[in-house]
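Commentary on secondary and tertiary structure
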Amino acid sequence: MKLKLNFLFFFLLSISILAQDKTVTGVVTSAEDGLPLPNVNVIVKGTAKGTSTDFDGNYAITLSQGNILEFSYIGFKTKNVTIANNNVINIALEVDAQSLEEVVVIGYGAQKKADVTGAITTIDSEDIQKTPNSNVMQSLQGKVAGVQVTSVGSPGDSPSIRIRGVNSYAAGGTPLFVVDGMFYDNIDFLDSSQIQSVSVLKDASSIAIFGRRGVNGVIIIETNGGKFEKKPEITYSGYTGIQHAQNVVKMANAEQFVTMAYESGSESDIQFVQNAIERFGRSRINPNVPNVNTDWYNEVLRDATITSHNIAINGGSESTSYGVNASYFSQDGILDMKNEYERFNLQSNLDFKVSDRLKIGVNSIFSNATKYNPENGAWFQAYFAVPILPVYDYANTDASPIPFSDATLLGYRGSQNPFPSMTYNNNQLKIKKILASVYAEYDLVPDKLSFKTSYSHDYSTIAERNVRLPYFISQNSQRETSSIRRANLTYSTQYWDNTLTYKDNFGDHSFKLLAGSSYGDEQTNSFSATGNDVQGIDLESSWYLNFADPTSFASQVNEIGDRFYTLAYFGRLEYSLKDKYLLNATVRREGDAKFPKKIWETTPAFGVGWVVSKENFMQNSNVIDFLKLRASWGQLANGQLGGSAGTRTVSQLTTAIDDTQTNGIISSSNFTDLEREILEETNFGISARLFNSKLTLEADYFIRDTKKLVVPVDQAIVSNTLLVNAGEMRNQGLEIAANWSQTINDNWSFSVGGNFGTLDNKVKKINTDQGYYDTGSAEFRQRLMVGEPVNAFYGWEIDGVYQNEAQVAADPTAQYELSENSNQLVPGDFIYKDQNNDGKIDADDRVVLGSYLPDFTYGANMQVSYKNFDFSVAIAGQSGNEILNRKRGEVLFTNDTNIDADFAINRWHGEGTSNDYPSSEGRRKGWNQKMSSFFVENGSYFRVQNIQLAYTIPSKLIDGKNLPETKITFTADRPFTSFSYNGFNPEVANGVDRQTYPIPAVYTVGVNIKI
């Protein structure tokens, strides 16, 4: 009996010992290179208990002896370890080649990277989060071959994004954004800290499943969410910094301006200078110059702050995963006025495993933003304003409430001072977005056949309050009556998608078949009202319509709305033979009531691939680890056009018939019976990994034709144009991206990469009577013509500047102007190139002066890691594009204004002084104001896009506990840009620079903490 009791005692003691909790620590590394792996999931198998490794691969977890620890990480084989007596368990995970391929998100699903046949580029979250800005798409600049991102400087504005050029003349070029399966035209609500990955779909075969909305490319974004069987994790990330204007345009100073005024010989210009001397006194340095030397850009600019905070909580149990993210972003504008942007976001992702076969989920985003729009006209006014005018004129005692100066008091025709418009205007936007989606996915046949239904709703409102305050500066610069404009814009977009997916393998064959439908409901509503003479206008509490004069609303109330539905059916086949021979085929049939001539449109696409590295003759290669040849073809229907619309009109007309004035009527129709534009694209590509996967390479060549191109066509007799399917356009180019990553030893590693893309845009066909169509404005002509880029700049080519009277006398074109047009040309005037050698300069001598589309875009990056330090540099640039410097052109067309310092310094002021710029007198002559190559400048630039230094504070055990993982970053974004264009920056979306908001350099310090 005693023996039995002793046995029972030792048995219970052993169970107690086995069941006693203990802390196990260790380091998880890669078996391939020995580097630590961060964010590895460490789970006590069969429970919800778990943790993840820190930046250095360390982990610590409390569990019982006999438990099984499961280590899992994307791209590596999962490893299980049974806990015995050891307290330290170091794990080396082996690379799982099969798992590495499961990284590419495509339309309505995911695909192994090795099976991709189209042109898709993926950017991870680390690269996205290095760029401090209000819109995550700014982070793509220079990172994706063939993608042109044009930056913006105004807080809250979205950058312009072009994927493989311009696809249409009449429709917008914005890509489709897909965020966690939801469709958007704009993602200004998204914070970069929420991003997990970004995939850019560039070719037609990859985009085809999305139909009409994806015609300009698709950008798929996966946000951070929870994971099943993961303990709660709290992450904070934030930064704060300063924005500083760079490359500020240098304008002529007071002395240069006065010198040019005297050189011009204009009595009025000289008198205005004298008026300024009388009003403000003489300069002590030069008594011929007024005692004023205002740098207007310096006056309107300021340094501005930028701040971001984000906190996220995510985790999950065996049946639930969750992620909650709250973020705050604030950015002041560099224009010195009420110009700022503030946004608060709340995001959540919830997924539930209801059973082994049913999974449901809910994603939601609430975004609340306030934006104060700048008075962009201030940039133009600052360019115009003469330097002999101060900001304030205390002699102007009639000015109220602030004594701003006014150039009309000196005799100039315009007030010029930008500060009244900056001070007395307040334009506030309240932007609210509620974005939600729900889905349910059920395995009809486990691991083979599944059905998924999803519903998404994007509901957004913009409440605008635009207040114009009264002021008086002079008789020519005043606002007697205050006004307030209230507007409410509402957007509602709903989609209901249903898909059925079947996948199977048999022998060497594997395939996936997807069939689905998509129903869309898009609504817009706009209501606005404007009232004048607001009572109590000095108080913001009175900035409502009920304080305005009720009789002032008469014709200032407007409302408009629109609603249309779409329906589409689609299917896709993914097939693989021996994982070597690949086929991807897609078809979509889409209905759109905007095009009654052809409501339904069917577009096919397919791609093929050959994994050459799996062939027997490649098995002994010591260089090539993976090599795939790709080819694809596809069509897309452009549904972003306005559709068919118009009315029949009857107009009265008086004309001369046989020298007699005759009255009559003309009946005309401006109905546009449009069809969709059809994009047809062929793509050839190579994907490769070499030298033990240290070098990765992607290359693509594409040809994209826009058929049935919609262009404006002039109507005979009546002054009107119609949009008709009457053209064809082609974009073609080469895209290459390469990256080398290498670990030197336990302390050192580095990576270096680069990409470039070429673009050749040509109009192939214009079915109009004249064979072209003029765009732009009368003074600044652009033209749509066969064989040239879309909206090419069109005008005369400068061939120098007349240096002396003998040169003028010897030039037939100068003598023709004198004899036929009484236009006396003198030294200091432009020489235009006589293109047809007919001895005169007329419309026939105009030529294409360039395109706003770059021929070449590029980017590169380098990162070096030493122990806990990381240093990275990214560059970006473009070349081959031109910019129309319209602000300089309008200064020449307008008397009494300043001019840029480049002109003032390099002007012609005597023989041999300049062969590029006219004289001070000549800049006021119509001959020198023609639309010419003088105003069309090189838009090429090179930029240091981003520099970041990061330090990870080691996570050490103190009293058995880990310190929070902490990473500190110092970032300089866009600190240096080199270009020759005479403007703030060479990034102008449509190539016409009149009042572009400057793009600042941004310097920030940030921290990332994980608990």
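Residues numbered from 1 in each chain as written. Predicted model: local features only at pLDDT ≥ 70, side-chain atom pairs only at ≥ 80, totals over all residues. Heavy atoms only, no water.

1. Thoughts on the overall build of the protein chain
Counting its secondary structure elements, the protein chain contains 13 helices and 54 strands. Relative to the globule expectation of 30 Å for 1011 residues, the C-alpha radius of gyration of the protein chain, 33 Å, shows essentially globular dimensions. Across its three principal directions, the C-alpha atoms of the protein chain cover 130 × 65 × 65 Å. By the burial criterion, 51% of the 1011 residues in the protein chain qualify as buried. For the protein chain, contacts bridging at least 24 residues in sequence account for 70% of all contacts bridging at least 6. Working note: accessible area of the protein chain is about 44,200 Å², and carbon and sulfur atoms make up 53% of it. In the protein chain, 87 side chains carry a positive charge and 113 a negative one; their mean positions are 8 Å apart. (Helix = DSSP H or I, 4+ residues; strand = E, 2+ residues; numbered from the N terminus. Rg over C-alpha atoms; globule rule 2.2 N^0.38 Å. Buried < 20%, exposed > 50% of the residue type's maximum accessible area, 1.4 Å probe, protein only. Contact = heavy atoms within 4.5 Å. Areas by Shrake-Rupley, 256 points an atom, 1.4 Å probe, with all protein chains shown as cover. Lys, Arg positive; Asp, Glu negative; His and termini not counted. Charge placed at Lys NZ, Arg CZ, Asp CG, Glu CD.)

2. Things to note about the packing of aromatic side chains
Within this structure, the stated rule accounts for 34 aromatic pairs. Where Y392 meets Y394, the ring centres are 6.1 Å apart and the plane angle is 25°; that geometry is what we call stacked. The exposure class assigned to Y392 is partly exposed, which follows from its relative accessible area of 38%. Look at F903 and F934: their rings are 6.1 Å apart centre to centre, the planes differ by 85°, and that puts the pair in the edge-to-face class. Of this pair, F903 sits in helix α13 (residues 901-906) while F934 sits in the loop between α13 and β48 (936-938); the two residues are 31 residues apart in sequence, bridging distant segments of the chain. (Phe/Tyr/Trp six-rings, centres within 6.5 Å; stacked < 30°, edge-to-face > 60°.)

3. Details of the sheet that holds strand β7 (residues 91-93)
The 3 strands are arranged β4-β1-β7 in an open sheet whose pairing can be described as mixed. The two strands at the open ends of the sheet, each matched to only one other strand, are β4 (58-64) and β7. Taking each pair of neighbouring strands and ignoring which way they run, the sheet shows an average axis angle of 35°. Strand direction decides the pairing type here: strand β1 (residues 21-30) and β4, joined by 7 bridges, are antiparallel. Bridge assignment links T23 to a residue of β4, and that residue is T62. (Pairing = 2+ DSSP bridges. Axes fitted to C-alpha atoms, helices over the stretch in contact; angles between N-to-C directions.)

4. Structural notes on the nonpolar core
Nonpolar side chains in soluble globular proteins tend to be buried together. In terms of nonpolar packing, the biggest core is built from 97 residues, with Y297, V300 and I388 touching the most fellow members. The biggest single contributor to this core is helix α8 (residues 377-384), with 6 residues. Setting aside its immediate chain neighbours within four residues, I388 contacts A254, F257, V258, F272, V273, A276, F280, P290, V292, L410 and Y412. Core analysis: the second largest hydrophobic core is formed by 24 residues, L140, V149, V198 and I219 among them. (Core = buried A, V, L, I, M, F, W, Y, C linked by side-chain atoms within 4.5 Å.)

5. Considering the layout of surface pockets
To find leftover empty space, a probe the size of one water molecule is rolled over the atoms. Space inside the second largest pocket adds up to approximately 1,100 Å³. Considering the residues around the second largest pocket, the lining is formed by 43 residues, among which Y184, D185, N186, R213 and Y491 are closest to the centre. Of all the elements in the fold, those that place two or more residues in the lining of the second largest pocket are β12 (160-163), β14 (182-184), β22 (425-445), β23 (449-468), β26 (483-506), β27 (509-532) and β28 (557-577). (1 Å grid on protein atoms, 1.4 Å probe; cavity = no way out; pocket = protein on both sides within 12 Å on 5 of 7 lines; lining within 4 Å. Points joined across faces, edges and corners; volume = space filled by probe spheres on them.)

6. Section: the confidence of the model for the protein chain
Across the protein chain, the average pLDDT comes to 88, with 92% of residues at or above 70. Throughout residues 1-19 the model reports pLDDT below 50, and contacts reaching past four residues in sequence, or to other chains, amount to 3 contacts. (pLDDT = per-residue confidence, 0-100.)

7. Observations concerning the pattern of salt bridges
Once their charged atoms are close, side chains differing in charge can pair, the charge on each being opposite to the other. Under the criterion given, the structure shown has 44 salt bridges. Note that E681 is salt-bridged to R704, the shortest N-O span being 3.0 Å. Taken together, the residues span a long stretch of sequence, with E681 in strand β34 (residues 677-690) and R704 in strand β35 (residues 695-714) at a distance of 23 residues. What makes E681 buried here is its relative accessible area of 3%. Residue class for R704 comes out buried when judged on its relative accessible area of 2%. Here E728 ties to K765 by a salt bridge, and the two come within 3.8 Å at their closest N and O atoms. Residue E728 is located in strand β36 (residues 721-743), and its partner K765 is located in strand β38 (residues 760-766); the two are separated by 37 residues in the primary sequence. According to the relative accessible area criterion, K765 is partly exposed, its value standing at 36%. (Salt bridge = Lys/Arg side-chain N within 4 Å of Asp/Glu carboxyl O.)

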